[in-house]
Amino acid sequence: MSVPFMSLSDSLFPIREEIDKKISQIINETNFIGGEELDLFEQEFAAYCGIKYATGCSNGTDALILALKALGIGPGDKVITVPNTFIATAEAISFIGAEVIFVDIEKDFYTMDPQKLDEYLQKNYDPSIKAVIPVHLFGQMADMPEICKISEKYNLKVIEDSAQAHGAKINGKGPGYYGSIATYSFYPGKNLGAFGDAGAVVTNDPGLHKKIKMLVNHGRWNEKYTHKSIGMNCRMDTLQAAILRIKMRHLEKWTEERITKASVYKNLLKNKSIQLPETRSNCRHVFHLFVIKTEKRDDLIKALTEEGISSGIHYPVPLHLQEAYSFMGHKKNDFPITEQSCNQILSLPFWPEISNNQISDVCRVIS
Ligand SMILES: *Cc1c(COP(=O)(O)O)cnc(C)c1O
């Protein structure tokens, strides 16, 4: 009764032929950069997000770099984010030469605590703090209405790291509505995954959109060999755009499956001594991961492993205690909610097609 942590093949198999055909067609046409597939992907993804503009790019990390650059953030500036995220969020800030500031998370939702953000700014505000990057972790958006209220007060830009939140909503609005820019990853294991690395940046602001479009392609706007600014090369491949267009048509169905499977888990686990994932009110949680919390986490991993059931920890070491960020001088207990969560969280096997039997097998081991 072994259960894998996730399966990418279950959702791919039924659409494999359509994708094979499309890849073949692109090889026949030998159009590998830009073109109609990328233009249509950008239009369709923007429409899916309910946001005016989308720009395809190479991955979710570059999407964050593009967003920071488009907002004019760089050396001498400071950007606030959370320590319990994949390192890419902080890395992008460091990579463009700005300074990272961490604030702790909300206990029940694992996302940036607006109150901690406000407290930090009340005590430490300085005009070099330019932006906030909340992370919509595990499929649920951070408390954007509150975070934006505070950010406005201090004149800070908001970039939403939405790598784990395709289709998530608060009050019917998705990433990119509340903040200036939202960034996405299409890493294969994300809710919408490419055949390799890919990402996107979305915004409702036409000025920012133009900057992002130029940055992603050598500072070019329309005409070849005419460069308005110094940019990068972090375009999305035509092949990835074409594959994502096909997969995107199934994303809502897969997301609904994720939500259904999460409630199957919740029903089977409700009397066990573990904390279940909670959904904020008026929020659509898209369950990128199904994450529980328990003091007996390490025993539980052992029991699951003995039954051939895989699980994961997202993430075991908070960023402020990573060697890469040791220069910041943080120590244990600086962000107690994050640290407690790192010690107690467990991601259970989860993907849209996981069967009810597989979920029961997992739940039977959990006491
Ligand atoms: C996956 C992920 C990223 C990075 O995306 P890549 O496409 O792998 O570069 C950034 N932030 C979060 C929260 C992620 O989960």
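Residues numbered from 1 in each chain as written. Predicted model: local features only at pLDDT ≥ 70, side-chain atom pairs only at ≥ 80, totals over all residues. Heavy atoms only, no water.

### Quick look at the site of the ligand
Taken together, 14 residues form the shell around the ligand, and within it G60, T61, D161, S185 and K190 come nearest. G60 places a polar main-chain atom, nitrogen or oxygen, 2.7 Å from an oxygen atom of the ligand. A distance of 2.8 Å is found between an oxygen atom of the ligand and a side-chain nitrogen or oxygen belonging to Q164. Protein burial of the ligand: of its 380 Å² of free accessible surface, 92% is covered by the chains. Elements with a contribution of two residues or more to the shell around the ligand: α4 (60-70) and α5 (88-95). Grouping the constituent residues of the shell around the ligand by class yields five nonpolar, seven polar and two charged. (Near = heavy atom within 4 Å. Polar contact = N/O pair within 3.5 Å; in protein donor to acceptor, adjacent residues only side chain to side chain. Areas by Shrake-Rupley, 256 points an atom, 1.4 Å probe, with all protein chains shown as cover. Helix = DSSP H or I, 4+ residues; strand = E, 2+ residues; numbered from the N terminus. Nonpolar A, V, L, I, M, F, W, Y, C, P; charged D, E, K, R; others polar.)

### Some points on the environment of L12
Within the secondary structure, L12 is located in helix α1 (residues 9-12). What makes L12 partly exposed here is its relative accessible area of 22%. When the C-alpha atoms of L12 and T338 are compared, they prove to be 35 Å apart, with 326 residues separating the residues in sequence. Among residues more than four places away in sequence, those in contact with L12 are I19, F195 and K247. (Buried < 20%, exposed > 50% of the residue type's maximum accessible area, 1.4 Å probe, protein only. Contact = heavy atoms within 4.5 Å.)

### Some thoughts on helix α10 (residues 251-269)
With 19 residues, α10 ought to run about 27 Å at 1.5 Å a step, and its terminal C-alpha atoms sit 27 Å apart, in line with that. For α10, the complete set of buried residues consists of L251, W254, T255, R258, K261, A262, Y265 and L269. Angularly, the buried residues of α10 cover 125° about the axis, an arc narrow enough to put them on a single face. (Expected span 1.5 Å × (residues − 1). Arc of directions from axis to C-beta.)

### Section: the environment of R235
Mapped onto the elements of the fold, R235 is located in the loop between α8 (206-215) and α9 (238-248). For R235, a relative accessible area of 26% translates into the label partly exposed. With 179 residues separating them along the chain, R235 and G56 place their C-alpha atoms 6.5 Å apart. Contact partners of R235, with chain neighbours within four places excluded, come to I33, C57, S58, V216, N217 and H218. A polar contact is formed between the side chain of R235 and the side chain of N217, at a distance of 2.8 Å.

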